[in-house]
Amino acid sequence: MQRLAVLTSGGDAPGMNAAIRAVVRSAIAHGYEAMGVRDGFTGLIHGDTRQFWCQLMGATLYAVWAFGATFAVFWVVNKVKSMRVPEESEEVGLDVPEFGMPGYPEDAVVTTPY
């Protein structure tokens, strides 16, 4: 995906927000990723780590939220219906209760003298 950097001189001007919004919406409509540049031309040349830290914080918060939501869903499901199989099914293997036969029958195992 191609990127389009949007930067201004940094000063306030009437209608600047509407112009930036129009550029960004047009870029997105044409398949570009629009990025804002802080501190104008200086920010474009020297860079700024604030955007990196904002994105890192967002990714971290998303990961924490996803883990928490997944944990909550599994906790509720486990309270409604146990997610574990009965202990006797664990001992014989899950193939017998599900399919009525073991997954690896003894007579199907071929042994060689090597």
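Residues numbered from 1 in each chain as written. Predicted model: local features only at pLDDT ≥ 70, side-chain atom pairs only at ≥ 80, totals over all residues. Heavy atoms only, no water.

What about the overall build of the protein chain?
- When you go through the protein chain residue by residue, the secondary structure sums to 5 helices and 2 strands.
- Element order for the protein chain, N to C, with α for helix and β for strand: β-α-β-α-α-α-α.
- Its C-alpha radius of gyration of 29 Å places the protein chain more than 25% over the 13 Å reference for a compact globule of 114 residues.
- Seen through its principal axes, the protein chain has C-alpha atoms that stretch 80 × 45 × 30 Å.
- Relative to its full complement of 114 residues, the protein chain shows a buried share of 5%.
- When contacts within the protein chain are restricted to residue pairs at least 6 apart in sequence, those whose partners lie at least 24 apart make up 47%.
- Carbon and sulfur atoms make up 62% of the accessible area of the protein chain, which amounts to about 10,300 Å² in all.
- Separation of charge centres in the protein chain, based on 8 positive and 12 negative side chains, amounts to 21 Å. (Helix = DSSP H or I, 4+ residues; strand = E, 2+ residues; numbered from the N terminus. Rg over C-alpha atoms; globule rule 2.2 N^0.38 Å. Buried < 20%, exposed > 50% of the residue type's maximum accessible area, 1.4 Å probe, protein only. Contact = heavy atoms within 4.5 Å. Areas by Shrake-Rupley, 256 points an atom, 1.4 Å probe, with all protein chains shown as cover. Lys, Arg positive; Asp, Glu negative; His and termini not counted. Charge placed at Lys NZ, Arg CZ, Asp CG, Glu CD.)

Structural notes on the packing of aromatic side chains
- Scanning the model with the defined rule gives 2 aromatic pairs in all.
- When the ring of Phe67 is compared with that of Phe71, the centres are 6.4 Å apart and the planes differ by 25 degrees; the resulting orientation is stacked. Taken as a pair, Phe67 and Phe71 lie in helix α3 (residues 50–80) at a separation of 4 residues, close to a single helical turn. For the pair Phe67 and Phe71, a shared accessibility class is recorded, and that class is exposed. (Phe/Tyr/Trp six-rings, centres within 6.5 Å; stacked < 30°, edge-to-face > 60°.)

As for helix α1 (residues 16–29)
- If you check α1, its first and last C-alpha atoms are 20 Å apart, about what 14 residues at 1.5 Å a residue would give, namely 20 Å.
- Looking one or two places after α1, you find Gly31, whose phi comes out positive at around 90 degrees. (Expected span 1.5 Å × (residues − 1).)

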